[in-house]
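Below, each chain spelled out in residue letters.
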Amino acid sequence: METTLVLLKPSCVQRQLIGQIVNRFERRGLLIVGMKMMQLDDAILREHYSHLVDRPFFPLLAQSMKASPIVAMAIRGVEAVQVVRGMTGFTNGRRADPGTIRGDYAMSNQQNIVHASDSPENAAIELARFFRPEEIFEYRHALTDFLYSQDEVI
C-alpha cells in the first residue's frame, strides 16, 4: 500500500466542495488515513512550492493558497499516487478531462481545487511537511478484500 498527500485548496473549501471531493476518493476505494484543516502561512508555502518561489506568479499563488484554510489528507491505497493523480486530472482545469476532479470542478490553472503528490518520493516528503507521524493512522479498511485481489495487498 502507498500513501499520498492531497490538499483541498481554498478554491475547494470556499466553494463548499470538501464533502463531494472526499466522497470521490472514498467511493474509489481509497482509504483516508489522515485529515485536518489548517491555515497555510508563507513559510510552509515557500517550502511546499520551493520550485516556484522565483517565478513571477508565485505571489498570486501564495495569496490564493492563504485565502482560506485548506484540508490536508493522507490517502492510502495500492498505487495511490498514480490513482489519485488520475482522478485529479490535468493541472489546468480547462484542459482536464470531464470525469476528473479538475475537469468537473475547475476552470483555472491556479484555482484548481486540489493538489496531489506527483511521485511516491514526493508524497513522503509532502506528507511529512503537513502531518506529524501520529496524525497518520494505520488500520485496515473493512472492504479491502472486496477492493483488491489478495495478491495486490501486502
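Look a little higher up for the structure.
Residues numbered from 1 in each chain as written. Predicted model: local features only at pLDDT ≥ 70, side-chain atom pairs only at ≥ 80, totals over all residues. Heavy atoms only, no water.

Remarks on a nonpolar patch on the surface
Moving on, step 1. A surface patch of nonpolar side chains, amounting to about 340 Å² of accessible area, comprises Leu-143, Phe-146 and Leu-147.
Moving on, step 2. Within the element layout of this structure, Phe-146 appears in helix α8 (residues 144–147). (Patch = residues over 30% accessible without salt bridge, like charges linked within 9 Å, V, L, I, M, F, W, Y side chains within 5 Å. Areas by Shrake-Rupley, 256 points an atom, 1.4 Å probe, with all protein chains shown as cover. Salt bridge = Lys/Arg side-chain N within 4 Å of Asp/Glu carboxyl O. Helix = DSSP H or I, 4+ residues; strand = E, 2+ residues; numbered from the N terminus.)

Focus: the pairing of strand β3 (residues 70–77)
Moving on, step 1. With eight of its eight residues buried, β3 lies for the most part within the structure.
Moving on, step 2. Because side chains alternate across β3, one face comprises the buried residues Ile-70, Ala-72, Ala-74 and Arg-76, and the other comprises Val-71, Met-73, Ile-75 and Gly-77, equally buried.
Moving on, step 3. Pairing of strand β1 (residues 2–8) with β3, which is carried by seven bridges, proceeds in the antiparallel orientation. By the bridge assignment, Thr-3 is partnered in β3 with Arg-76. (Buried < 20%, exposed > 50% of the residue type's maximum accessible area, 1.4 Å probe, protein only. Pairing = 2+ DSSP bridges.)

Considerations on the environment of Ile-21
Moving on, step 1. By the element assignment, Ile-21 lies in helix α2 (residues 18–28).
Moving on, step 2. Along the backbone, Ile-21 and Ile-44 are 23 residues apart, and their C-alpha atoms lie at a distance of 23 Å.
Moving on, step 3. The residues contacting Ile-21, other than those within four sequence positions of it, are Leu-8, Cys-12, Ile-101, Tyr-105 and Ile-113. (Contact = heavy atoms within 4.5 Å.)

Some thoughts on the sheet that holds β1
Moving on, step 1. An order of β2-β3-β1-β4 is seen for the four strands of this open sheet, with the pairing classed as antiparallel. With one partner strand each, in any of the chains shown, β2 (31–38) and β4 (114–116) form the two edges of the open sheet. Taken over all neighbouring pairs, the strand axes of this sheet differ in orientation by 20° on average, direction set aside.
Moving on, step 2. As defined by bridge partners, β1 adjoins β4 across three bridges and the pair is classed as antiparallel. The residue of β4 that forms the bridge with Val-6 is Ala-116.
Moving on, step 3. Here helix α5 (residues 80–88) sits on the sheet in contact with β1, β3 and β4, set at roughly 30° to β1.
Moving on, step 4. In the packing of helix α7 (residues 120–130) onto the sheet, the strands contacted are β1, β2, β3 and β4, and the crossing angle to β1 comes to about 60°. (Axes fitted to C-alpha atoms, helices over the stretch in contact; angles between N-to-C directions.)

What to know about α5
Moving on, step 1. Those residues of α5 that sit buried are Ala-80, Val-81, Val-83, Val-84, Met-87 and Thr-88. All buried residues of α5 fall inside an arc of 165° around its axis, so they share one side.
Moving on, step 2. Packed against the buried residues of α5 are β1, α2, β3, α6 (101–105), β4 and α7.
Moving on, step 3. One or two residues past the end of α5 sits Gly-89, with phi positive at roughly 85°. (Arc of directions from axis to C-beta.)

Function-wise, these values are silent; they only describe arrangement.
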